[in-house]
Amino acid sequence: MVITYERLRELRFLGVTPETECCANCEHFHQHYNKDGGLIFAGHCCYPRMKPRKGYDLCKYFKGKEDTE
């Protein structure tokens, strides 16, 4: 999983590491951005249906992101 420095900094602010089971590290989570390309603390989950989520949330459908390298 590739993670940018800015994303890592924001997740650490929330107490989330790349190994933490939370929406930010889930395969089904899509992060939202503002018009300038900056991250905001919101996103959505697309499994099994669309629903708003925060990066630190967790649901029963969690599936960790796998390395693509």
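These remarks concern the structure in this document. The structure presented is a predicted model; accordingly, all values stated were derived computationally and were not measured. (Residues numbered from 1 in each chain as written. Predicted model: local features only at pLDDT ≥ 70, side-chain atom pairs only at ≥ 80, totals over all residues. Heavy atoms only, no water.)

So, on to the overall build of the chain. Within the chain, the secondary structure is distributed over 1 helix and 3 strands. Going from N to C terminus, the chain has its helices and strands arranged as α-β-β-β. Counting the 69 residues in the chain, one finds 29% classified as buried. Within the chain, counting contacts between residues at least 6 apart in sequence, those at least 24 apart form 48% of the total. A total of about 5100 Å² of accessible surface is found on the chain, and carbon and sulfur atoms cover 53% of it. (Helix = DSSP H or I, 4+ residues; strand = E, 2+ residues; numbered from the N terminus. Buried < 20%, exposed > 50% of the residue type's maximum accessible area, 1.4 Å probe, protein only. Contact = heavy atoms within 4.5 Å. Areas by Shrake-Rupley, 256 points an atom, 1.4 Å probe, with all protein chains shown as cover.)

Read from one edge to the other, the open sheet built from 3 strands follows the order 1-2-3, with strand pairing classed as antiparallel. Two strands bound the open sheet, and with one partner strand each, they are strand 1 (29-33) and strand 3 (51-53). Ignoring strand direction, the axes of neighbouring strands in this sheet form an average angle of 35 degrees. Where strand 1 meets strand 2 (residues 39-45), 4 bridges bridge the pair, whose relative direction is antiparallel. Across the sheet, Gln31 pairs through a bridge with Gly43, a residue of strand 2. (Pairing = 2+ DSSP bridges. Axes fitted to C-alpha atoms, helices over the stretch in contact; angles between N-to-C directions.)

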